[in-house]
Amino acid sequence: MSTHVAGAVPEKKTLAEWTVALRERDMPVFSNTVQAINTIIEDEKKGAMEMATVILQDPNLTARILKLSNSSYFNPGRRKIITVTRAIVIIGIDVIREMVLACAFFEAILSASNKNRAHEEIARAIHSAVQAKYLAIATQDPFPEEVFIAALLQNIGHIAFWCFSGEEGDRLRDLLDEGTMNQQAAEREVLGFKLTDLDVALCKSWNLKGLIEETVSKHGRVREPRVKLVHLGCEVVNVLKDGEESRQYPACLEKIASLTGQTRADIEAQLQKNTESAASIARQFGATEAAELIQRKARELIDHEGALASQMDRSELQVQVLRDISGILSTRRLDINLLLETIMEGIQRGLGMDRTLFAALSSDRSMLQEKVALGWRDKRYAHRFTLPLVASPPNLFHKAIFSPEAHWFTPEGQPALYSPADVDRIGRHPCFVMSLHSGDKPVGVVYADRAYSEEPLSQEAFRAFEHFVQQGNIGLTLYRLQGS
């Protein structure tokens, strides 16, 4: 049994220890997502397919992205979006990338046992982000979504701390409530560092670049115009909190007017509209307590937009995806990558599969090499499957690649097809496998299973799987003819 000495002060964790703990113990999912996004950004050869793959690994993230993609805030044209692939095409990969960061961040922090202070920080971040984006649009900033995400994450250390602070948070809150010292002095007293230092440390640790890095690293010495937009968005939130009677209110409106050329009446109306939008966005992120803090007296905003994909049953989703595929096939210049991405997402989500893989035949025809892998929980993003083709006796991939038919394999029915190499890479599960062909030339295979849920495969799902892959074969044939 441990002993506790009355009045003893627990040993303080260093800034570095806090950074490591938040990154690796408390927010590992967010860390992995940031790593995956950074990998895509840094590699010029990677793009929409890789971004869609990152999103589709996580069903919760997928549902959240689709909900936001169908909201009037991110999709003012109200174009119906039911797949992640189409969201990237319509809204743009840059906007979707920022959405992924935001959604992954909130998924990480909202899983914690949040306290009042954490909700306040989250509310302030979302509200500031919406106000900053409005300023960016009003000043014709070319990338307002970057301003949104920079404002959202500029106090990333503050938010993470209050979500996972434990006893240190309790002691800091008590000291702040006493009112005997200012916030930074109280932070130094309890932690030995300022929370702004934790903002910077986490930003560096997660390798957050661009405007986020510029904003976080320049507290108090802002010169860049876009960083000023972020900070003005935060100032707006603080002024609105103090009320219209505060001395800062007219000065803040004057700053906005000088930047945007708008009248005071128009600015005030827009700020109110932004507050309502921020409350709605907070609910879409799952931060309901923060939404109430943003707008306590506002009517309850229940936004059913974007629940299309999460609530849609599998058969309806299949029909919608097949319509998208028909549209892609009918274009004058076929985008084969978009087609294959849409097919893979249709199989994964429309058929309720746990894992889906498209692997291409190597030039020497000795193995299959991963191109798209969805739902593989234990697979690192940097790692790609290689699946050897074993001819004697044939393994399941050799059996499938040189056959035009779809196959439904089971470990009980065809045990010999599950070679040691296959089992080592994908396990031993009932699965659907079918080859993709360009004319009479095999291109690769599509594999799908329900390895995690262990939900039985059905004849209906098998027929749908076959139909999806056949659309890929049609597309490959058209693509070959267009190139000839």
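Going along each chain's sequence as written, the residues are numbered from 1 onward. Side-chain atom pairs in this predicted model are given and counted only at pLDDT of 80 or more, local residue features only at pLDDT of at least 70, and totals for whole chains, interfaces and linings cover all residues. To obtain the side-chain values, all non-hydrogen atoms of the structure were included, while hydrogens and water were left out.

## Remarks on helix 7 (residues 116–138)
Here is step 1: Here helix 7 is 23 residues long and its end C-alpha atoms lie 33 Å apart, about the 33 Å a rise of 1.5 Å per residue gives.
Here is step 2: Among the 23 residues of helix 7, 17 are classified as buried, and the element is accordingly described as predominantly covered.
Here is step 3: Following helix 7 by one or two positions, Gln140 has its phi on the positive side, about 60°. Helix and strand definitions here come from DSSP, where helices need a minimum of 4 consecutive H or I residues and strands a minimum of 2 consecutive E residues; each element is numbered from the N-terminal end. Given the number of residues in a helix, its expected span is that number minus one, multiplied by 1.5 Å. Categorising residues by exposure relies on relative accessible area from a 1.4 Å probe, with only protein chains included: less than 20% of the type maximum marks a residue as buried, more than 50% marks it as exposed, and the intermediate range marks it as partly exposed.

## Some words on empty space enclosed by the protein
Here is step 1: Cavities and pockets are defined on a 1 Å grid built over the protein atoms alone: a cavity is a set of grid points where a 1.4 Å probe fits but cannot escape, while a pocket is an open set with protein on both sides within 12 Å along at least five of seven lines, and lining residues are those with an atom within 4 Å of any such point. Grid points are joined across faces, edges and corners, and a volume is the space filled by probe spheres set on the points. The final tally for this structure, using the stated rule, is five cavities of 30 Å³ or more.
Here is step 2: Sorting the residues of the lining of the second largest cavity by element identifies helix 7 and helix 8 (144–153) as the ones contributing at least two each.
Here is step 3: The element that contributes the greatest number of residues to the lining of the second largest cavity is helix 7, accounting for four residues.
Here is step 4: Partitioned by chemical class, the residues of the lining of the second largest cavity number four nonpolar, three polar and two charged. The classification used treats Ala, Val, Leu, Ile, Met, Phe, Trp, Tyr, Cys and Pro as nonpolar, Asp, Glu, Lys and Arg as charged, and all other residues, Gly among them, as polar.

## Quick look at the pairing of strand 5 (residues 431–438)
Within a regular strand, the side chains alternate between the two sheet faces.
Here is step 1: Strand 5 sits mainly inside the fold: eight of its eight residues count as buried.
Here is step 2: Of the two faces of strand 5, the one holding Cys431, Val433, Ser435 and His437 and the one holding Phe432, Met434, Leu436 and Ser438 are both buried throughout.
Here is step 3: The pairing of strand 4 (residues 407–409) with strand 5 spans three bridges and is antiparallel. Bridging across to strand 5, His407 finds its partner in Val433.
Here is step 4: Strand pairing is assigned whenever DSSP detects at least two bridges linking the two strands. The loop that links strand 5 with its antiparallel partner strand 6 (residues 441–449) comprises two residues; one of these, Gly439, has a positive phi angle of about 70°.

## A closer look at the confidence of the model for the protein chain
Here is step 1: What pLDDT reports is the predictor's confidence in each residue, on a scale of 0 through 100. The predicted model of the protein chain averages 85 in pLDDT, with 90% of residues at 70 or higher.
Here is step 2: Note that residues 1–9 has pLDDT below 50 and, in this model, one contact with residues that lie over four places away or in other chains. Residue contacts follow a heavy-atom distance rule, with two residues in contact if any of their heavy atoms lie within 4.5 Å.

## Overview of the nonpolar core
Here is step 1: Within the largest apolar cluster, 132 residues are counted, with the highest numbers of intra-cluster contacts made by Phe30, Ile96, Ile126, Leu152 and Ile347.
Here is step 2: By residue number, the principal contributor to this core is helix 6 (residues 93–109), which donates 12 residues.
Here is step 3: When residues no more than four places from it in sequence are discounted, the contact partners of Ile126 are Phe106, Leu152, Ala278, Ile281, Ala282, Phe285, Ala287 and Ile294.
Here is step 4: Among buried residues, those of type Ala, Val, Leu, Ile, Met, Phe, Trp, Tyr and Cys that are joined through side-chain atoms within 4.5 Å constitute a nonpolar core. The next biggest cluster of nonpolar side chains, apart from the first, holds 21 residues, and it includes Leu357, Leu389, Ile401 and Tyr418.

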